[in-house]
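An overview of the molecular structure
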Amino acid sequence: ANAAIQSGFGSALKELIQFGLFGLMFIAIAQLNGTRKNARSFFLVFFAALIVLSLINAGWHLAHGITSGWKALDDQKITHSIVVVLAGIWLAFNWQTSSSTKRGLGIFLILLAIVLMLMAGERKAWGAAVIGMIVTFAVLAPLQSPAELSKRVVTLACALIAIGGAAALIAPQVPYLSKQFSSLANFADLLLFTDSEEWSSGAETLSNTGRLFGIQMSTFFYHENPVFGIGPGNYIKTIRGMNIDDVFQKGAHNELLRIAAELGNVGLMLYAVLYVTVLSRMIRVFAVLRQLEPHHLLLLVTGASLLGYGFFINVFLAGGGLNTYFYILPSALIYSIPVRAYTTSSRSSPRKMIHYAA
């Protein structure tokens, strides 16, 4: 309705079609993943497909002589970081019950994905991967004994420190990475410690200049139209209609700002309701965590990790179906777990992580 009134019939139709397609995807995943075979198949196919996309992205850029900053194929730039999260999940589920060859393969995949992720240079994906790994650990933590848990805390902390240290050592040798770290520090400094009127003069890179301008404009549009916003898709239309440099003609800095600008407080409220609804479902699943079958635990861990990953990505990415995908897919995975079957079941014996080979 908002799109039809403020953006036109074509925009409304596009929104309706996208809504319908995501609705069908949610229903299909939520309904079909309940069995062990389907859950395993979904995870493995999803994991394998993302590995292929990640390798295609890296291979295409390397074939064109681009050794860093792999962003020419657009959204494929974040596949490397999702592979990091999925490889971590795969490794966690196979660590205690699988052969050394399988564990070695998992370690190789996660290390390869981390290298490719750093070379892709997508900074929001770095943070999202860390969030995804932390959520994976947090969901599985209650299933560990105190001794196992403390060992895994140390392992995770050491892994994150090692990755950060390796990136810091490599960065000076790779100009693109060095620039990314410097630009990130500059953006944080301007955002946190500098008056907004001085942002443009203090930005070290064109990307930061564009992002800061996006924050200013989306905030302006929100204050001008706080209830319903300016209408879906109208942010970028308005920006591109202005006589300004190309570096400023980009989408809003992130999905929250885009929703605030285009859909106002009503849109922000609906966005919050989506997450509250999914989190309430997760709380119900956590209540029966120790009773979950292995495949349902796999769905929970994957869904929760991707939900955390996607929320972080959406804080730095806006303007496309990918934003919606990052909460619809994990929500569907979480809703595919039949909570009622567990709450009405008489089974109450706790299970251990060692039984949960994926």
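The preceding data block contains the structure.
So, how was this worked out
- Residues numbered from 1 in each chain as written.
- Predicted model: local features only at pLDDT ≥ 70, side-chain atom pairs only at ≥ 80, totals over all residues.
- Heavy atoms only, no water.
- Helix = DSSP H or I, 4+ residues; strand = E, 2+ residues; numbered from the N terminus.
- Buried < 20%, exposed > 50% of the residue type's maximum accessible area, 1.4 Å probe, protein only.
- Contact = heavy atoms within 4.5 Å.
- Areas by Shrake-Rupley, 256 points an atom, 1.4 Å probe, with all protein chains shown as cover.
- 1 Å grid on protein atoms, 1.4 Å probe; cavity = no way out; pocket = protein on both sides within 12 Å on 5 of 7 lines; lining within 4 Å.
- Points joined across faces, edges and corners; volume = space filled by probe spheres on them.
- Salt bridge = Lys/Arg side-chain N within 4 Å of Asp/Glu carboxyl O.
- Phe/Tyr/Trp six-rings, centres within 6.5 Å; stacked < 30°, edge-to-face > 60°.
- Nonpolar A, V, L, I, M, F, W, Y, C, P; charged D, E, K, R; others polar.
- Axes fitted to C-alpha atoms, helices over the stretch in contact; angles between N-to-C directions.
- Left-handed = near helix turned anticlockwise from the far one by under 90°.
- Patch = residues over 30% accessible without salt bridge, like charges linked within 9 Å, V, L, I, M, F, W, Y side chains within 5 Å.
- Expected span 1.5 Å × (residues − 1).
- Parallel < 35°, antiparallel > 145°, perpendicular 65-115°, else oblique.
- Core = buried A, V, L, I, M, F, W, Y, C linked by side-chain atoms within 4.5 Å.

1. Here we look at the overall build of the protein chain
- Secondary structure summary: the protein chain contains 15 helices and 0 strands in total.
- Across the 358 residues in the protein chain, those meeting the buried criterion constitute 44%.
- Taking all contacts inside the protein chain whose residues are at least 6 apart in sequence as the whole, residues at least 24 apart take part in 73%.
- Accessible area for the protein chain stands at about 17,700 Å²; split by element, carbon and sulfur atoms hold 68% of it.

2. A look at empty space enclosed by the protein
- Evaluation of the coordinates by the stated rule reveals 3 cavities of 30 Å³ or more.
- Taken as a whole, the largest cavity holds about 60 Å³ of empty space.
- Lining of the largest cavity is provided by Ile-51, Ser-54, Leu-55, Val-83, Leu-109, Leu-112, Ala-113 and Leu-116.
- Counting only elements with at least two residues in the lining of the largest cavity, the list comes to helix H3 (36–63) and helix H5 (100–120).
- It is H5 that provides the largest number of residues to the lining of the largest cavity, a total of 4 residues.

3. Let's talk about the pattern of salt bridges
- All told, the structure shown has 4 salt bridges when counted by the stated rule.
- For Glu-122, the salt bridge identified is with Lys-71, shortest N-O distance 3.5 Å. With Glu-122 in the loop between H5 and helix H6 (123–140) and Lys-71 in the loop between H3 and helix H4 (79–94), this residue pair connects regions lying 51 residues apart in the sequence.
- Assessed through its relative accessible area of 4%, Glu-122 is described here as buried.
- Among the ionic contacts, a cluster of salt bridges with common partners joins Lys-71, Glu-122 and Lys-124.

4. Quick word on the packing of aromatic side chains
- All told, the structure shown has 12 aromatic pairs when counted by the stated rule.
- Ring geometry for Tyr-271 and Tyr-327: centres 5.7 Å apart, planes at 80 degrees, overall edge-to-face. Separated by 56 residues along the polypeptide, Tyr-271 in helix H12 (residues 255–286) and Tyr-327 in helix H14 (residues 321–335) bring together distant segments of the chain.
- Ring centres of Tyr-325 and Phe-326 lie 6.0 Å apart, and the angle between their planes is 65 degrees; this geometry places the pair in the edge-to-face category.

5. Re the layout of surface pockets
- Space inside the largest pocket adds up to approximately 1,500 Å³.
- Along the walls of the largest pocket sit 45 residues, with Glu-15, Gln-18, Arg-258, Leu-263 and Tyr-327 positioned nearest its centre.
- Elements that contribute at least two residues to the lining of the largest pocket include exactly helix H1 (2–6), helix H2 (9–32), helix H11 (234–240), H12 and H14.
- It is H12 that provides the largest number of residues to the lining of the largest pocket, a total of 13 residues.
- Classifying every residue of the lining of the largest pocket gives 25 nonpolar, 14 polar and 6 charged.

6. Things to note about the packing of H3 against H4
- One way to put it is that H3 packs onto H4 with a least axis distance of 9 Å and a crossing angle of 145 degrees. Relative to H4, H3 is oriented so that their crossing is left-handed. In this structure, H3 contributes Phe-43, Leu-44, Phe-46, Phe-47, Leu-50, Ile-51, Leu-53, Ser-54, Asn-57 and Ala-58 to the contact, and H4 contributes Thr-79, His-80, Ile-82, Val-83, Leu-86, Ala-87, Ile-89 and Trp-90.
- Its residues assigned to classes, the contact of H3 with H4 shows 14 nonpolar, 4 polar and no charged.

7. What to know about a nonpolar patch on the surface
- A contiguous nonpolar patch, built from Phe-9, Leu-13, Leu-16, Ile-17, Phe-19, Leu-21 and Leu-24 and spanning about 830 Å² of accessible area, is present on the exposed surface.
- Positionally, Leu-21 belongs in helix H2.

8. Comments concerning H2
- Between the first and last C-alpha of H2 there are 34 Å, a value that for 24 residues agrees with the 34 Å anticipated at 1.5 Å per step.
- Those residues of H2 that fall on the buried side of the exposure criterion are Ser-11, Ala-12, Phe-22, Ile-29 and Ala-30.
- Here the buried face of H2 lies against H1, H3 and H14.

9. Re the packing of H12 against helix H13 (residues 294–314)
- For the pair H12 and H13, the least separation of the axes is 13 Å and the interaxial angle reads 160 degrees. When the axes of H12 and H13 are compared, the pair comes out roughly antiparallel. Crossing geometry of H12 relative to H13 is assigned as left-handed. Each of Glu-255, Leu-256, Tyr-271, Tyr-275, Val-278, Leu-279, Met-282 and Val-285 in H12 lies in contact with H13, whose residues at this interface are Leu-300, Ala-304, Leu-307, Phe-311 and Asn-314.

10. Some remarks on the nonpolar core
- Core analysis: the biggest nonpolar cluster contains 63 residues, and Leu-292, Leu-297 and Tyr-309 have the highest contact counts within it.
- Element by element, the count of residues in this core is highest for H13, at 10 residues.

11. So, unusual backbone geometry
- One non-glycine residue with positive phi stands out, namely Asp-74, at about 60 degrees.
- Among the structural elements, Asp-74 can be located in the loop between H3 and H4.

12. Considering the side chain of Asn-33
- On the secondary structure map, Asn-33 appears in the loop between H2 and H3.
- What Asn-33 contacts, discounting residues up to four positions off in sequence, is Asn-38, Ala-39, Phe-42, Leu-299, Leu-333 and Ser-336.

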